[in-house]
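Residue strings, one per chain:
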Amino acid sequence: MTSPYITIFMAMSLNGLIAREDGREDFLSHDNWLTFCNLVSQKRNFIAGRKSYEIVNQWPEYNFNTVDADLKIVVSQKKTLNLTAPYRLVGSPREAIKVLSDAGFGEGLLVGGSELNTAFLREGLVDEIRINVEPVMIANGLPFLSACNLDVPLQLEEVIKNDRGIVTLRYRCLNRSRQ
Ligand SMILES: NC(=O)c1ccc[n+]([C@@H]2O[C@H](COP(=O)([O-])OP(=O)(O)OC[C@H]3O[C@@H](n4cnc5c(N)ncnc54)[C@H](OP(=O)(O)O)[C@@H]3O)[C@@H](O)[C@H]2O)c1
């Protein structure tokens, strides 16, 4: 079976920040949550890093627990994390891909954060990056990629502007490896 088609979806400020330093995403609008829910309803799954899982699930309104999906994968090396279905704990990006593939998914949605985006992109496991750029800049915060030595060549596929000023950019990753 071919490896699932992996899309990263992230919302960010114009200057490329995905969260404040303390983890809050209060500078991002509700539209981004709707985009996330819409993508999950298409793909029926998502993959999140352990820190995103813990931070997002503290929020009453924007909470992974309330999102309807058949499979919710959390990537962590902490074997003690106690998750119940439809959550599934995996120890690496490649294991996440295998779990998706074994469950029959042709597509997967990676939803960050910064460290997990970097881990997937470093291994060439991402087909597409979809970014919602909010009409705001914030001075300090967490970037799309964590500090590392990594270049990702991209091809721009689509640009969409909505009436609230969010620009959606869709790119194909040119470093996708399918070995
Ligand atoms: N704006 C957006 O669209 C958006 C979307 C998602 C998240 N966020 C924000 O992003 C922030 C969290 O991002 P983050 O970069 O700090 O953390 P993260 O990527 O969510 O999670 C990092 C954790 O994931 C696990 N992990 C990462 N790479 C791994 C690998 N190769 N193998 C095994 N486990 C791996 C590790 O868990 P263990 O330490 O347990 O081993 C690591 O500590 C939050 O503030 C969240 O709100 C924003």
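Predicted model only: the values in this text are computed from it and were never measured.

*Asks:* So what exactly am I meant to see when it comes to the nonpolar core here?
*Replies:* Soluble globular proteins tend to bury their nonpolar side chains together. Counting 29 residues, the largest nonpolar core has Ile8, Ile47, Ile73, Phe120, Leu121, Ile129 and Phe144 as the members making the most contacts within it. When near neighbours in sequence (up to four residues on either side) are disregarded, Phe120 contacts Ile47, Pro93, Ala96, Ile97, Leu110, Leu125 and Val126. Formed by 18 residues, the second largest nonpolar core is a distinct cluster that contains Leu39, Val74, Leu81 and Tyr87.

*Asks:* Even after reading the chapter, I still don't get helix 4 (residues 114–122), so can you show me in this structure?
*Replies:* Along an α-helix, residues three or four apart share an orientation, since each turn contains 3.6 residues. Among the residues of helix 4, those classed as buried are Ser114, Leu116, Asn117, Thr118, Phe120 and Leu121. Following helix 4 by one or two positions, Gly124 has its phi on the positive side, about 65°.

*Asks:* How should the site of the ligand be read in this particular structure?
*Replies:* Near the ligand, the surroundings consist of 28 residues, among which Glu25, Arg50, Ser52, Ser76 and Val111 are the closest. Residue Glu25 places a side-chain N or O atom 2.4 Å away from an oxygen atom belonging to the ligand. For the ligand, an oxygen atom lies 3.4 Å from a polar atom in the backbone of Val75. Bound to the protein, the ligand loses 87% of the 930 Å² it would expose on its own. At the level of elements, strand 1 (5–12), strand 2 (17–19), helix 2 (50–56) and helix 4 are the ones that each hand at least two residues to the shell around the ligand.

*Asks:* It is not clear to me how the side chain of Arg176 should be interpreted in this structure. Could you clarify?
*Replies:* In this structure, Arg176 sits in the segment after strand 10 (167–173). Residue classification places Arg176 among the buried residues on the basis of a relative accessible area of 18%. Separated by 3.4 Å, the side chains of Arg176 and Ser3 make a polar contact. At a separation of 3.5 Å, a polar atom in the side chain of Arg176 contacts the main-chain carbonyl oxygen of Gly124. Not counting residues up to four positions away in its chain, the partners in contact with Arg176 are Ser3, Pro4, Ile6, Gly124, Leu125, Val126 and Asp127.

*Asks:* What exactly am I supposed to notice about the packing of aromatic side chains here?
*Replies:* Here a ring pair, both rings aromatic, is described through the centre-centre distance and the interplanar angle of the planes. Tallying each qualifying case throughout the model produces 6 aromatic pairs. When the centroid spacing of 5.7 Å and the interplanar angle of 65° are considered together, the rings of Phe36 and Phe46 count as edge-to-face. With Phe36 in helix 1 (residues 30–43) and Phe46 in strand 3 (residues 45–49), the pair connects residues that are 10 residues apart, well separated along the chain. Pairing Tyr53 with Tyr87 gives two aromatic rings, centres 5.2 Å apart and planes at 75°, and the pair type is edge-to-face. Taken together, the residues span a long stretch of sequence, with Tyr53 in helix 2 and Tyr87 in strand 5 (residues 87–90) at a distance of 34 residues. On the basis of relative accessibility, which here comes to 15%, the residue Tyr53 falls in the buried class. Three or more aromatic residues joined by ring pairs form one cluster here, namely Trp33, Phe36, Phe46, Tyr62 and Phe64.

Cut-offs used in this document
- Residues numbered from 1 in each chain as written.
- Predicted model: local features only at pLDDT ≥ 70, side-chain atom pairs only at ≥ 80, totals over all residues.
- Heavy atoms only, no water.
- Core = buried A, V, L, I, M, F, W, Y, C linked by side-chain atoms within 4.5 Å.
- Buried < 20%, exposed > 50% of the residue type's maximum accessible area, 1.4 Å probe, protein only.
- Contact = heavy atoms within 4.5 Å.
- Helix = DSSP H or I, 4+ residues; strand = E, 2+ residues; numbered from the N terminus.
- Near = heavy atom within 4 Å.
- Polar contact = N/O pair within 3.5 Å; in protein donor to acceptor, adjacent residues only side chain to side chain.
- Areas by Shrake-Rupley, 256 points an atom, 1.4 Å probe, with all protein chains shown as cover.
- Phe/Tyr/Trp six-rings, centres within 6.5 Å; stacked < 30°, edge-to-face > 60°.

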